[in-house]
Amino acid sequence: MDYRLHSISALILAGGRGTRMGRVDKGLQPFRGATLASHVLQRLAPQVASVAINANRNLGAYSALGVPVLPDELEGYEGPLAGLQTGLRHCATDLLLTAPCDSPFLPSDLAQRLLDALQAQGADLAVAATLETDAAGSTHTQLHPVFCLVRKSALPALDAYLASGARRMDGWYRSIKVAQVLFSDSAAFRNINTLEELQQEEQAAANPSLKDVASCLSAYDPDALPVRSAQRIIRDFVQPVRGVEQVALRSALDRVLAADVISPINVPAHDNSAMDGFAFAGSQLKTDGNTTLKVIGTVLAGRPTALQPGPGECVRIMTGGVMPDGCDTVLPQELAADLSEVAVTIAPNTVRSGDNRRFKGEDLAAGTPALRKGKLLRPADLGLAASLGLAELPVQRRLRVAFFSTGDELRSIGEALAEGCVYDSNRYTLFGMLQRLGCDIVDMGIVKDDAASLEEALRTACECADAVITSGGVSVGAADYTKQVMAAVGDVHFWKIGMRPGRPLAFGRLRSNGRSAYLFGLPGNPVAVMVSFYFFARHALLRMMGAEAPADQLLRVRSAQAIRKKPGRTEYQRGILTTALDGTREVRITGAQGSGILRSMAEANCMLVLPDEQGNIAPGDMVDVVLFEGLV
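Notes on the structure follow. (Residues numbered from 1 in each chain as written. Predicted model: local features only at pLDDT ≥ 70, side-chain atom pairs only at ≥ 80, totals over all residues. Heavy atoms only, no water.)

### Notes on the overall build of the protein
Item 1. Of regular secondary structure, the protein possesses 14 helices and 35 strands.
Item 2. Taking the principal axes of its C-alpha atoms as reference, the protein extends roughly 90 × 80 × 55 Å.
Item 3. The proportion of buried residues among the 632 residues of the protein is 47%.
Item 4. Working note: accessible area of the protein is about 28,600 Å², and carbon and sulfur atoms make up 50% of it.
Item 5. Distance between charge centres in the protein, computed from 63 positive and 67 negative side chains, equals 2 Å. (Helix = DSSP H or I, 4+ residues; strand = E, 2+ residues; numbered from the N terminus. Buried < 20%, exposed > 50% of the residue type's maximum accessible area, 1.4 Å probe, protein only. Areas by Shrake-Rupley, 256 points an atom, 1.4 Å probe, with all protein chains shown as cover. Lys, Arg positive; Asp, Glu negative; His and termini not counted. Charge placed at Lys NZ, Arg CZ, Asp CG, Glu CD.)

### Here we look at the packing of helix 10 (residues 426-437) against helix 13 (residues 526-544)
Item 1. It is the contact of helix 10 with helix 13, at a shortest axis distance of 11 Å, that shows an interaxial angle of 25 degrees. Classified by the angle their axes make, helix 10 and helix 13 are roughly parallel. The crossing of helix 10 and helix 13 is right-handed. Contacts from Asn426, Thr429, Leu430, Met433, Leu434 and Leu437 in helix 10 reach Pro526, Val529, Met530, Phe533, Arg538, Leu541 and Leu542 in helix 13.
Item 2. Looking at the contact of helix 10 with helix 13 residue by residue, the class counts come to ten nonpolar, two polar and one charged. (Axes fitted to C-alpha atoms, helices over the stretch in contact; angles between N-to-C directions. Parallel < 35°, antiparallel > 145°, perpendicular 65-115°, else oblique. Left-handed = near helix turned anticlockwise from the far one by under 90°. Contact = heavy atoms within 4.5 Å. Nonpolar A, V, L, I, M, F, W, Y, C, P; charged D, E, K, R; others polar.)

### Some words on the sheet that holds strand 6 (residues 95-100)
Item 1. Spatially, 5-4-1-6-8-7-9 is the arrangement adopted by the seven strands of the open sheet, whose pairing is mixed. Lying at the two open borders of the sheet, with one neighbouring strand each, are strand 5 (69-70) and strand 9 (178-183).
Item 2. The pairing of strand 4 (residues 50-55) with strand 5 spans two bridges and is parallel. Bridged to Ile53 within strand 5 is Val69.
Item 3. In this fold helix 1 (residues 36-44) packs onto strand 1 (8-14), strand 4 and strand 6, with an angle of close to 165 degrees to the strand it touches most, strand 1.
Item 4. The strands that helix 3 (residues 80-90) touches are strand 1, strand 4, strand 5, strand 6 and strand 8 (139-151); relative to strand 1, the one it contacts most, it runs at about 150 degrees. (Pairing = 2+ DSSP bridges.)

### Remarks on unusual backbone geometry
Item 1. Going from Val267 to Pro268, the amide bond is cis rather than trans, its omega being -5 degrees.
Item 2. Along the chain, the position of Pro268 falls in the loop between strand 11 (261-262) and strand 12 (272-273).
Item 3. In this model, Arg500 is joined to Pro501 through a cis peptide bond whose omega is -5 degrees.
Item 4. With respect to the helices and strands, the residue Pro501 is situated in the loop between strand 28 (499-500) and strand 29 (504-512).

### Examining the sheet that holds strand 15 (residues 313-317)
Item 1. Spatially, the six strands line up as an open sheet ordered 16-13-15-14-18-17, and their pairing is mixed. Each of the sheet's edge strands pairs with one partner strand only, and the pair in question is strand 16 (329-332) and strand 17 (338-339).
Item 2. Across four bridges, the pairing between strand 14 (residues 291-299) and strand 15 is parallel. What sits directly across from Lys294, in strand 15, is Glu313.

### Quick notes on a nonpolar patch on the surface
Item 1. Side chains of Ile413, Leu417, Tyr423 and Tyr428 sit close together on the surface and give an oily, nonpolar patch of about 420 Å² of accessible area.
Item 2. Among the structural elements, Tyr423 can be located in strand 24 (residues 422-423). (Patch = residues over 30% accessible without salt bridge, like charges linked within 9 Å, V, L, I, M, F, W, Y side chains within 5 Å. Salt bridge = Lys/Arg side-chain N within 4 Å of Asp/Glu carboxyl O.)

### Details of the nonpolar core
Across soluble globular proteins, nonpolar side chains have a tendency to be buried as a group.
Item 1. Of all hydrophobic cores here, the largest spans 53 residues; its most connected members are Ile469, Trp495, Ile497, Phe520, Phe533, Phe536 and Leu541.
Item 2. Setting aside residues no more than four positions away along its own chain, Phe533 makes contact with Leu430, Met433, Leu434, Leu437, Ile469, Leu522, Arg538 and Leu541. (Core = buried A, V, L, I, M, F, W, Y, C linked by side-chain atoms within 4.5 Å.)

### Looking at the packing of aromatic side chains
Item 1. Enumeration according to the criterion identifies ten aromatic pairs in this entry.
Item 2. With a centroid separation of 5.9 Å and an interplanar angle of 35 degrees, the aromatic rings of Trp495 and Phe507 are classed as tilted. Residue Trp495 is found in strand 27 (residues 490-496), and its partner Phe507 is found in strand 29; the two are separated by twelve residues along the sequence.
Item 3. Note on Phe507: relative accessible area 0%, which makes it buried.
Item 4. Their ring planes at 80 degrees and their centres at 4.6 Å tell us that Tyr534 and Phe535 sit as a pair that is edge-to-face. Like Phe535, Tyr534 is buried.
Item 5. The rings of Phe237, Trp495, Phe507, Tyr518 and Phe520 are connected pair by pair, giving a single aromatic cluster.
Item 6. The ring of Phe183 carries the charged tip of Arg113 above its face, separated from the ring centre by 4.2 Å.
Item 7. The ring centre of Phe105 lies 3.8 Å from the NZ or CZ of Arg190, which sits over that ring. (Phe/Tyr/Trp six-rings, centres within 6.5 Å; stacked < 30°, edge-to-face > 60°. Lys NZ or Arg CZ within 6 Å of the ring centre and 35° of its normal.)

### Some details on the side chain of Asp236
Item 1. Among the secondary structure elements, Asp236 is positioned in helix 8 (residues 227-237).
Item 2. Side chain to side chain, Asp236 and Arg43 meet in a polar contact 2.8 Å long.
Item 3. Those residues within four positions of Asp236 in sequence are excluded, and the remaining contacts are Arg43 and Val213. (Polar contact = N/O pair within 3.5 Å; in protein donor to acceptor, adjacent residues only side chain to side chain.)

### Some points on the pattern of salt bridges
Item 1. This model, assessed by the stated rule, comprises 21 salt bridges.
Item 2. The partner of Asp355 in a salt bridge is Arg352, with the nearest N and O atoms 4.0 Å apart.
Item 3. The salt bridge involving Asp443 is made with Arg427; its shortest N-O contact spans 2.9 Å. Here the residue Asp443 occupies a position in strand 25 (residues 440-447), and Arg427 occupies one in helix 10, the gap between them amounting to 16 residues.
Item 4. Beyond isolated ion pairs, a larger network of salt bridges with shared partners links Arg43, Arg232, Arg235 and Asp236.

### Describing the state of the cysteines
Item 1. If you walk through the whole model with that rule in mind, you get zero disulfides.
Item 2. Free of any disulfide, Cys462 has its nearest cysteine sulfur in Cys464, 8.7 Å distant.
Item 3. Judged by its relative accessible area of 0%, Cys462 is buried. (Disulfide = S-S within 2.5 Å.)

### Quick look at helix 4 (residues 110-121)
Item 1. Counted at 1.5 Å a residue, the expected span for helix 4 with its twelve residues is 16 Å, and the 17 Å between its end C-alpha atoms agrees.
Item 2. Where the residues of helix 4 are buried, they touch strand 1, strand 6, strand 7 (125-133), strand 8 and strand 9.
Item 3. Following helix 4 by one or two positions, Gly122 adopts a phi angle in the positive range, close to 60 degrees. (Expected span 1.5 Å × (residues − 1).)

### Section: the packing of helix 8 against helix 13
Item 1. Where helix 8 contacts helix 13, the two axes come as close as 10 Å, and the packing angle between them is 25 degrees. Between helix 8 and helix 13, the angle falls in the class roughly parallel. Once helix 8 is placed against helix 13, the crossing between them reads as right-handed. Here Val227, Ala230, Gln231, Ile234 and Arg235 of helix 8 lie close against helix 13, whose contacting residues are Phe535, Phe536, Ala540 and Arg543.
Item 2. For the contact of helix 8 with helix 13, the per-class residue count stands at six nonpolar, one polar and two charged.

Geometry only, nothing functional implied.
Right, here's the structure in full:
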């Protein structure tokens with residue numbers, strides 16, 4: 001992300017009446033396994049600092065998407081301008097980007113291009129536009145006012161326009177300076193207005209070609225593809241595999257939850273004590289002197305009691321003990337001013353009424369989701385399920401991944417090395433990364449550099465796996481030969497990614513004997529294999545597994561050294577993250593960053609992510625890093 005984009009908030013406009021769609025809430029309509037609004041959110045989130053949703057109905061359903069929901073503050077009018085006004089009033093940044101909830105194909109560079117034009121022209125608002133051709137063959141510029149980037153300082157002009165009673169989305173443009181930004185891909189701005197259109201899109205999405213998916217990308221160029229564009233195409237093309245298993249709780253670790261787990265009980269089941277101490281009615285506490293209460297008995301955890309303290313009385317209670325009727329406060333026993341077998345004294349202001357009491361259903365209320373579908377189950381999740389009395393959980397079936405290396409120069413461990421040959425390390429790093437993802441693995445070894453061997457390997461892998469990963473054979477020198485083979489087996493695109501290391505990449509879908517599998521053709525150099533796997537294949541495999549695949553969690557830290565970097569490509573440099581003497585975190589690179597230096601990965605504990613626009617880095621500059629722990 002361009003660091004300037006941190007000054008942008010985004011607002012998804014979902015406050016309309018949905019008249020053309022039968023007055024249903026458009027943003028919540030199902031589309032490609034999620035809702036329309038969630039698809040828009042997924043595209044906007046990587047481009048901006050934060051996202052909110054403008055909605056006037058079903059606020060709880062929108063809140064479940066995990067972002068703030070803002071109803072219109074302009075009463076009596078549900079439209080995009082009312083949403084824009086509300087968004088600007090609550091915007092925490094200087095700039096606000098808007099997009100409608102029914103346009104799930106918006107460009108991945110929308111924010112960047114609008115921001116560039118806004119700043120270059122000193123405008124108050126930048127709006128997307130496309131060239132359209134009418135039935136007579138005439139070309140005209142079509143504005144898309146709901147796709148705009150506006151300065152917060154333009155709010156008074158918008159307020160004045162709305163106060164006049166006017167409501168056209170672009171009607172207030174006369175009072176501000178507007179920059180038009182021409183996009184080449186009109187399809188990226190199409191919206192879904194009717195239930196019929198929604199059904200047609202769902203049918204088209206059932207089995208899209210890779211060409212169809214790539215065509216939705218503005219300025220698609222397979223010979224100069226930015227990292228973000230390649231990631232978007234892969235994300236949009238792959239689909240989750242089907243198949244659900246019911247497994248014992250202990251077997252569910254690191255599996256993907258296939259359905260929401262609804263709590264069958266309240267946790268805790270009763271109001272109970274959070275401390276070992278004394279339970280009583282908090283209304284008895286004195287503020288001007290000691291409070292002395294008679295101890296009438298003891299309440300143990302897991303043992304029901306009929307004790308019911310009256311005025312001037314309390315009970316001794318253990319942690320987890322059910323609170324007796326009439327008690328709402330617990331004094332930790334170590335805070336007692338005086339204590340005997342029959343009485344306890346409480347000094348003023350030691351506790352407040354209601355302290356140290358855990359409420360029934362405070363952790364989980366019966367009938368509410370305890371775990372969400374798509375969650376990769378960790379130890380804490382197993383404990384939570386056990387606390388609900390669940391012995392089994394529904395999980396997605398394991399993803400089956402086949403992989404092999406190509407190259408006549410490769411040798412397996414244990415074989416003698418002839419001159420010019422090297423041991424194959426890629427299959428071992430791929431094995432480790434796939435194992436950590438919880439995949440079932442098919443290691444097909446090393447495949448010879450000839451068409452017949454490659455085609456046979458691809459067909460075999462396709463027929464036995466959900467995904468196929470190859471290393472080697474996709475560089476410029478091998479591309480023509482490999483393209484011919486892969487074209488016979490499936491729909492595969494060859495890309496040159498604007499990145500280092502790992503420029504060549506092949507991606508697509510293989511088909512053989514009625515089976516299909518996604519293909520990830522990675523470069524041959526060891527470091528490039530690991531980088532390409534993490535930033536392209538890993539997220540796609542998680543999506544195939546039905547798992548939540550959140551954006552990479554970047555940590556902003558200080559560079560301990562100068563780093564050379566050319567703008568125009570994304571670089572992933574291996575780094576060592578440490579804590580400096582002043583307590584702040586800093587990172588330095590491991591040394592030579594060549595794509596064949598596997599030692600640089602073994603020594604590193606993180607990876608520096610240096611985006612396309614980043615130039616040289618000076619000591620003390622802030623950079624983004626991704627931690628290795630749990631990833632590779």
